[in-house]
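Structural characterization, general
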Amino acid sequence: MTHLFITGGAGFIGSNFVRFVLRERPDWRVTNYDALTYAGNLANLTDVEADPRYRFVRGDIRERDDLVAAMAGCDAVVHLAAESHVDRSIHDSGPFISTNVVGTQVLLDACRDVGIDRFVHVSTDEVYGSLPLDQPDLLFTESTPIAPNSPYAASKASSDLLALAYHETFGMNLCVTRCSNNFGPYQYPEKVIPLFVSNLIDGEPVPLYGDGLNVRDWLHVEDHCEAILAVLERGRAGEVYNIGGNNERSNLELTRSILSILDQSASMIRRVADRLGHDRRYAIDASKIADELGWTPTRSAWPQALVETVEWYRTHESWWRPLKDGTGAVHQSA
Ligand SMILES: NC(=O)c1ccc[n+]([C@@H]2O[C@H](COP(=O)([O-])OP(=O)(O)OC[C@H]3O[C@@H](n4cnc5c(N)ncnc54)[C@H](O)[C@@H]3O)[C@@H](O)[C@H]2O)c1
């Protein structure tokens, strides 16, 4: 039996991953270690909180003693805890360096203290920087040089390199994953899909950055969870695995799709000044994980997966309303 230690399990991907593991691996136990920052929300996990295989520990990944105490008896770690919002990193990069870089270093050391057997560091395609729009065949592979452009991406790239260095230096049995933009239930309503859907439900316009032509690859969060589990169980130590949906959309195309699903007109689009340093295009070559681990996305097909996600936010207003009301200005991100 595996006892899995998940950091950041109260966030968007983390809560979906906790639920996914408890469902897919009935004989595993899960400890969810999360500091409950503004992005952490135990309401994401009410359906599993009474499961005897699940335990929540409130704690910060920058606190080595707390980590060591909470990890006692655990075999493997999936590391998701992070500051994750690019716009916030432009406003103030301090918490991003502190949690994403220093926090990852403290966590890696705590894993060595405890003797953790296996570690997956969950990262992002944003570490590769930006692709041009006029070369659609160009994709990020695992050997694309790291060239992050935002403070968020730079902090994630730093933590990726630290994790890989712990493999080389100490022989830690770990993998790094780099995934494209996720969508699905329980995403904090500062991110573009829940922000736009909730704005439209409230009769408010949707703020679209610049010319709207920036391209992102979109993957359903459960496809990401399945890929993380595949890497945890079968990934080769010291390797990086890209994870993508083969589902590139411009922000304008995404916005028009959301408007159409909610039966709203293009007059609800409000153009706003572009994000500083806004990457033009991300696109993933996910053939390595397909070839080595047999993983391909099955839940991300467009537009059906987007329709279902919009419907989830439409029918879960009681989940997002308090988050949106409580944060004041909620920034856009794609
Ligand atoms: N959302 C995406 O599209 C996406 C894509 C690729 C990779 N990722 C990566 O996946 C991970 C999860 O992303 P997300 O979108 O779920 O983020 P999120 O912001 O929704 O959740 C982050 C979680 O980490 C917790 N946390 C933050 N600082 C902490 C600390 N110091 N100690 C302990 N817990 C802390 C928060 O409370 C929250 O529950 C991140 O590492 C992110 O870089 C996200």
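Now for a quick tour of the structure. The numbering scheme is per chain: residues are counted from 1 as the chain's sequence reads. Owing to the predicted nature of the model, reporting of local features is limited to residues with pLDDT of at least 70; listing and counting of side-chain atom pairs is limited to 80 or more, with chain, interface and lining totals taken over all residues. Note that water and hydrogens are dropped before the side-chain values are worked out from all heavy atoms of the structure.

Moving on, we get to unusual backbone geometry. Note that the residue after Trp302, namely Pro303, is joined by a cis bond; omega there is 5 degrees. If you trace the backbone, Pro303 turns up in the loop between α9 (287-293) and α10 (304-315). With a phi angle near 70 degrees, Tyr186 is a residue other than glycine that sits in the positive phi range. For Tyr186, the location among the structural elements is in the loop between β7 (181-183) and α6 (192-201). Helix and strand definitions follow DSSP, with helices as H or I runs of at least four residues and strands as E runs of at least two, each counted in order from the N terminus.

Turning next to the packing of aromatic side chains. Working definition: rings of Phe, Tyr and Trp (its six-membered ring) pair if their centres are within 6.5 Å, and the pair is stacked with planes under 30 degrees apart, edge-to-face with planes over 60 apart, and tilted otherwise. Applying the stated criterion across every chain yields a total of 13 aromatic pairs. Between Trp312 and Trp319 the ring centres are 5.6 Å apart and the planes differ by 65 degrees, which places this aromatic pair in the edge-to-face class. We call a residue buried when its accessible area falls under 20% of the maximum for its residue type, exposed when it is over 50%, and partly exposed in between, using a 1.4 Å probe and counting protein chains only. Judged by its relative accessible area of 14%, Trp312 is buried. Ring-pair connections join several aromatic residues into one group, and the members of that group are Tyr186, Trp312, Tyr313 and Trp319. Whether a charge sits over a ring depends on NZ of Lys or CZ of Arg being within 6 Å of the ring centre and within 35 degrees of the ring normal. Arg25 extends its terminal NZ or CZ atom over the ring of Trp28, reaching a point 6.0 Å from the ring centre. Above the ring of Phe170, the side-chain terminus of Arg112 is found at 3.5 Å from the ring centroid.

Burial runs high along strand β1 (residues 3-7): five of the five residues are buried. Here β1 shows a buried face lined by His3, Phe5 and Thr7 and a second buried face lined by Leu4 and Ile6. The pairing of β1 with strand β2 (residues 29-34) spans five bridges and is classified as parallel. Bridge pairing in β2 links Phe5 to Thr31. Being paired, for any two strands, means DSSP has found at least two bridges between them.

A few words now on the sheet that holds strand β11 (residues 248-250). Read from one edge to the other, the open sheet built from three strands follows the order β7-β9-β11, with strand pairing classed as mixed. Two strands close off the open sheet at either side, each with one partner strand: β7 and β11. Along the sheet, successive strands turn relative to each other by an average axial angle of 50 degrees, direction set aside. As paired elements, strand β9 (residues 215-220) and β11 share three bridges and run antiparallel to each other. Note that in β11 the partner of Asp217 across the bridge is Glu248. Here the axes come from fitting lines to C-alpha atoms, over the contacting stretch only for helices, and the angles between their N-to-C directions go from 0 to 180 degrees.

Attention now goes to the pattern of salt bridges. Here a salt bridge means any side-chain nitrogen of Lys or Arg lying within 4 Å of a carboxyl oxygen belonging to Asp or Glu. Counting across every chain of the model gives 23 salt bridges. For Asp60, the salt bridge goes to Arg62, with nearest N and O atoms at 2.7 Å. A salt bridge links Glu248 to Arg281, with the nearest nitrogen and oxygen atoms 2.8 Å apart. Taken together, the positions of Glu248 in strand β11 and Arg281 in the loop between β12 (269-272) and α9 put the pair 33 residues apart, joining distant regions of the chain.

The near set for a molecule or strand comprises every residue that places at least one heavy atom within 4 Å of it. Contacts to the ligand come from 29 residues, most closely from Ile13, Asp34, Ser84, Tyr152 and Lys156. In protein, a polar contact requires one atom able to donate a hydrogen and another able to accept it; more generally it is a pair of N or O atoms within 3.5 Å, and residues adjacent in sequence count only if both atoms are side-chain atoms. Contact distances for the ligand include 2.9 Å between an oxygen atom and a backbone N or O atom of Gly11. One of the backbone N or O atoms of Asn182 is found 2.9 Å from an oxygen atom in the ligand. Exposure was quantified through the Shrake-Rupley algorithm and a 1.4 Å probe, taking into account, for residues, occlusion by the shown protein chains and nothing else. For the ligand, whose free accessible area comes to 840 Å², the fraction covered by protein is 96%. Put simply, the parts of the chain that give the shell around the ligand at least two residues each are α1 (12-24), β5 (118-124), α5 (151-170) and β7. With three residues, the single largest contributor to the shell around the ligand is β5. Tallied by class, residues from the shell around the ligand come to 13 nonpolar, 12 polar and four charged. Charged residues are taken to be Asp, Glu, Lys and Arg, nonpolar residues to be Ala, Val, Leu, Ile, Met, Phe, Trp, Tyr, Cys and Pro, and polar residues to be all remaining types, Gly included.

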